[in-house]
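Close look at the chain arrangement
Read off the chains here:
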Number of protein chains: 2
Amino acid sequence: MESVDKEKLCLLSDKEQKLRCDKVKANMSKSGVDGLLVSDNADVYYLTGRVFSGYVYISIDSDEPCYAVKRPCHLASERMVMIRKPEEMVRMFEGESAIRPPRRMALEMGSLSYNAVTRLMKIFPDVVFADATPVMSAARAVKTDDEIAKIRFSGIKHRHLYERIPHLYQEGMRDIELQVEIEREARLEGCLGQFRVSGDDMELFMGNVLVGENADNPSPYDFAMGGAGMDPSLPVGADGTIIKPGVSVMVDVNGNFTGYMTDMTRCFAVEPLPGRACRAHRLSIDICAELARMGRPGVEAKALYERALEMATEAGMAEFFMGHRQHAGFVGHGVGIEINELPVIAPRSRDILAAGNVIAIEPKFVIPGVGAVGIENTYRVTDSGPMERLTDAPEEIIYFD
Amino acid sequence: MESVDKEKLCLLSDKEQKLRCDKVKANMSKSGVDGLLVSDNADVYYLTGRVFSGYVYISIDSDEPCYAVKRPCHLASERMVMIRKPEEMVRMFEGESAIRPPRRMALEMGSLSYNAVTRLMKIFPDVVFADATPVMSAARAVKTDDEIAKIRFSGIKHRHLYERIPHLYQEGMRDIELQVEIEREARLEGCLGQFRVSGDDMELFMGNVLVGENADNPSPYDFAMGGAGMDPSLPVGADGTIIKPGVSVMVDVNGNFTGYMTDMTRCFAVEPLPGRACRAHRLSIDICAELARMGRPGVEAKALYERALEMATEAGMAEFFMGHRQHAGFVGHGVGIEINELPVIAPRSRDILAAGNVIAIEPKFVIPGVGAVGIENTYRVTDSGPMERLTDAPEEIIYFD
């Protein structure tokens, strides 16, 4: 056998883990399940403070989760079994210190593959199954104070990064060259790089730098903005456009400094942009401020979208709102361990804002001939007042040195 | 409606697309399915030369695929329907120019979520379903000449990158600092960054730089080597270790320059390493050469693993082979659009090598007190001779300037 110094599996304090599990259990009750089994990296990280390969099981009548661990080999917990394959997990439910098997168990049907879920179903032949994805999403949408602290720290780092962007520009640079220098600064600042997205469809490397007309190239991904990208295998973002006077440079780069992300966009330019672009940028700042005022517990997420669209329409900017050749169908989204959490700020969203939600608001405009303008901030929904901004870099268009 | 300049959907030549579809159809026949529907980005890219959001449908009795496209909005094809949701895809099978509905249809059960697959199943109530994942994996495992050309080009770029690594080192650097400079050079060389992995479990940002004892930190991921990482949310790779004389610096960084990856590892050091580490590194080079000689069409993948383990055992190095505190269960893997394709070079692999396979061989050793040594190369299985090396950087330990 391998001899290994063991390390405590759960990196959360007992209190913090209980807080998170209690939120999950409250949602389990609503869904009528008495057991929940997760293995998606984001969910495992949420429940234990670390990523491992294996499973976290929560029983509705137990204070603490149990674990089935494949890798790494050096984790230790009293409530843990080591397994080589999922079928060995049944040992959690056998023997003296066994936990009670569930009657109705939730599995991550929205993130695990069909084959992975059906394999798990076969392991528990007498169990009725439900979807754990909405249970976990709802719990994760309302951040704890510890999570807020991590997001707040990412926001500070993120701002430091953005403050240095004007100094990275050199005359004649291409979008991708500026992006590479931003990526380097981000990584030296402590950005982990990894951009966690829920679902299989969305891909992005580190972030998006959009210069001029490239912002109007439609992309396959469900991001707010597009861009042709450098290669048809990853058709989003920078495409080699040279940065020139008169075009906008929109920077929307990864803020994952802690395992929890902030999402922030700022616009840069070589010299002042045409009036319409400046007005659209100002409008974006105004929409952010307005939505921050509106965003309180109990408010419908779709009301924020409607208000943003209304302001864009009143300003005669609707045709440029959230894209021009192709439009995105939302103006904001929850953010945390993954970039696309709940609530969704979109016309048909049924989400209701709650204290502890962390939401990125990104009212952006694509102005033909100029490019993308507007900003994005990450906000915290507070107990009663307006939303608190966690990405407090200056919002105006920033001119390169 | 949005007015958009249209662009031909398929970026492959007709001949190349037919070649790939014919391989898929041959595997469909073996699986007894007459229709195959894919939407995973890697499979869509394989069949069309670009990533889009939507579906590619292959009918066994049709020469060309059909498409259902959600985004982007500017694609054009005679065999395409635009859809907002999967249910609208049924229009492909209706009307004058309709294609015949399948009796048995393969869906990507290994990569699509349970919810995505069951939603598709409901759209086609009279159809029997099978798994498209092995069908696509088998087709993609045998590369066409066009794919080999892309991989070959990535290999050249990858070598250029590695040639510059010795110049990036500065005395007193931490592993992560060296990694950031390598990442920057890679991106400026044209690396797309994105590291496509099949399955939900594996995550890595751009690559792995392992210095000294950190190589012996077990990781949750199924990579050959581990490392503690900078944060428990992404526990793999560099952990902030300072590069000093006497420790190894293993660099295994992303070679995705074309949508197709090469996988290459080289070892660096400040000054000559202890004898045991040098012997293990030499052994790794010898194993690569031996496996390259063995690797011909018809050879069992597991025979390559067995030979590698045999050579490690004969040299008294088995306890350090593919890890020390934790061991990886393979010595190589197919590579292409994703980093973990077929064939798998592992003890229980049932894969048989075929001409056109592209395989990364990575016999690595973790030597206590020194770190990780050994190399990794990407090879092409030729029609008859030994495997051709596509990552032809020097293999010896490279000393920093």
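Computed from a predicted model, the values in this text were never measured in an experiment.

**Observations concerning the packing of aromatic side chains**
Within this structure, the stated rule accounts for 22 aromatic pairs over all chains. Each ring, one from Phe205(A) and one from Phe205(B), has its centre 5.1 Å from the other, and the planes form 0°; the classification is stacked. With Phe205(A) in the loop between α6 (175-189) and β9 (207-211) and Phe205(B) in the loop between α6 (175-189) and β9 (207-211), this residue pair bridges two chains. Here Phe205(B) falls in the buried class, since its relative accessible area comes to 7%. Where Tyr305(A) meets Phe321(A), the ring centres are 6.5 Å apart and the plane angle is 50°; that geometry is what we call tilted. With a gap of 16 residues between them, Tyr305(A) in helix α8 (residues 301-314) and Phe321(A) in the loop between α8 and β14 (332-334) connect regions that are remote in the sequence. Residue classification places Tyr305(A) among the buried residues on the basis of a relative accessible area of 10%.

**Overview of helix α2 (residues 41-48) of chain A**
Residues and elements named next belong to chain A. Burial within α2 is extensive, with eight of its eight residues counted as buried. Looking at the buried residues of α2, the elements they touch are α1 (14-31), β2 (35-38), β3 (53-59), β4 (66-71), α4 (132-141) and α5 (145-168). Glycine 49 lies just past α2 and shows a positive phi near 80°.

**Overview of unusual backbone geometry**
With omega at 0°, the peptide bond leading from Arg71(B) into Pro72(B) counts as cis. Relative to the helices and strands, Pro72(B) is located in the loop between β4 (66-71) and β5 (75-76). Cis peptide bonds are those with omega within 30 degrees of zero, and the linkage from Leu342(B) to Pro343(B) qualifies with -5°. Within the fold, Pro343(B) resides in strand β15 (residues 341-345). Non-glycine residue Met322(A) carries a positive phi angle of around 60°. On the secondary structure map, Met322(A) appears in the loop between α8 and β14. The backbone of Met206(B) sits at a positive phi, close to 70°, despite the residue not being glycine. Here Met206(B) is to be found in the loop between α6 and β9. A residue is classified by how much of its surface remains accessible, and Met206(B), at 1% relative accessible area, is buried.

**So, the side chain of Arg196(B)**
Mapped onto the fold, Arg196(B) is located in the loop between α6 and β9. Looking at Arg196(B), its side chain comes within polar contact range of the side chain of Glu203(A), at 2.6 Å. A polar atom in the side chain of Arg196(B) sits 2.5 Å from the backbone oxygen of Ser233(A). Residues contacting Arg196(B), with those up to four places away along its chain left out, are Glu203(A), Tyr221(A), Ser233(A), Leu234(A), Val51(B), Met261(B), Ile337(B), Glu338(B) and Ile339(B).

**Topic: the pattern of salt bridges**
Overall, the coordinates contain 66 salt bridges over all chains when judged by the stated rule. Note that Arg140(A) is salt-bridged to Asp43(A), the shortest N-O span being 2.7 Å. Here Arg140(A) is found in helix α4, whereas its partner Asp43(A) is found in helix α2, with 97 residues between them in sequence. In this pair, the class of Arg140(A) matches that of Asp43(A), namely buried. A salt bridge links Glu376(A) to Lys364(A); its shortest N-O distance comes to 3.8 Å. Highlighted residues: Glu376(A) in the loop between β18 (371-374) and β19 (377-380) and Lys364(A) in strand β17 (residues 364-367), separated in sequence by twelve residues. Lys364(A) shares its class with Glu376(A); the two are buried. Because the salt bridges share partners, they merge into one network encompassing Lys157(A), Arg164(A), Arg184(A), Glu185(A), Glu189(A) and Glu181(B).

**A closer look at the relation of the copies chain B and chain A**
Of the two same-sequence chains, chain B is brought onto chain A (RMSD 0.0 Å, axial shift 0.0 Å) by a rotation of 180°. Taken together, these values place the two copies in the relation of a two-fold axis. The share of interface residues of chain B whose copies in chain A are also at the interface is 100%, consistent with both copies meeting through the same surface.

**Thoughts on the packing of helix α7 (residues 275-294) of chain A against α8(A)**
Residues and elements named next belong to chain A. Two elements in contact, α7 and α8, have axes separated by 10 Å at closest approach and are oriented at 150°. When the axis of α7 is compared with that of α8, the two are roughly antiparallel. Relative to α8, the crossing made by α7 is right-handed. Residues Leu283, Asp286, Ile287, Glu290, Leu291 and Met294 of α7 form the contact with α8, whose participating residues are Ala303, Leu304, Arg307, Ala308, Met311 and Ala312. Class assignment for the residues of the contact of α7 with α8 results in nine nonpolar, no polar and three charged.

**Quick word on the interface of chain B and chain A**
At the junction of the two partners, chain B supplies 64 residues and chain A supplies 64 residues. Summed over both partners, the interface of chain B with chain A comes to about 5,400 Å²; 50% of that surface belongs to carbon and sulfur atoms. Our enumeration of links across chain B and chain A arrives at six salt bridges. Taking the shortest distance from any N to any O, the salt bridge between Arg184(B) and Glu181(A) comes out at 3.0 Å. Linking chain B to chain A there are 29 residue pairs in polar contact (both at pLDDT 80 or more). Residue contributions to the side of chain B that touches chain A peak at eight residues, all from α6(B). In terms of residue class, the side of chain B that touches chain A is made up of 28 nonpolar, 20 polar and 16 charged.

**Some remarks on the sheet that holds strand β13 (residues 265-269) of chain B**
All names here are of chain B. Read across the sheet, four strands follow the order β9-β10-β13-β21 without closing on themselves; strand pairing throughout is mixed. Edge strands, defined here as strands with exactly one partner in the open sheet, are β9 and β21 (398-399). Direction of pairing for β13 relative to β21: parallel, over a ladder of two bridges. Within β21, the position partnered with alanine 269 by the bridge is tyrosine 399. On top of the sheet, α6 reaches β9 and β10 (249-253); it is set at about 145° to β9, its chief contact.

The rules behind the values
Residues numbered from 1 in each chain as written. Chains lettered and ligands numbered in written order. Predicted model: local features only at pLDDT ≥ 70, side-chain atom pairs only at ≥ 80, totals over all residues. Heavy atoms only, no water. Phe/Tyr/Trp six-rings, centres within 6.5 Å; stacked < 30°, edge-to-face > 60°. Helix = DSSP H or I, 4+ residues; strand = E, 2+ residues; numbered from the N terminus. Buried < 20%, exposed > 50% of the residue type's maximum accessible area, 1.4 Å probe, protein only. Contact = heavy atoms within 4.5 Å. Polar contact = N/O pair within 3.5 Å; in protein donor to acceptor, adjacent residues only side chain to side chain. Salt bridge = Lys/Arg side-chain N within 4 Å of Asp/Glu carboxyl O. Least-squares fit on C-alpha atoms with pLDDT ≥ 70 in both. Axes fitted to C-alpha atoms, helices over the stretch in contact; angles between N-to-C directions. Parallel < 35°, antiparallel > 145°, perpendicular 65-115°, else oblique. Left-handed = near helix turned anticlockwise from the far one by under 90°. Nonpolar A, V, L, I, M, F, W, Y, C, P; charged D, E, K, R; others polar. Buried area = accessible area lost by both parts, 1.4 Å probe. Pairing = 2+ DSSP bridges.

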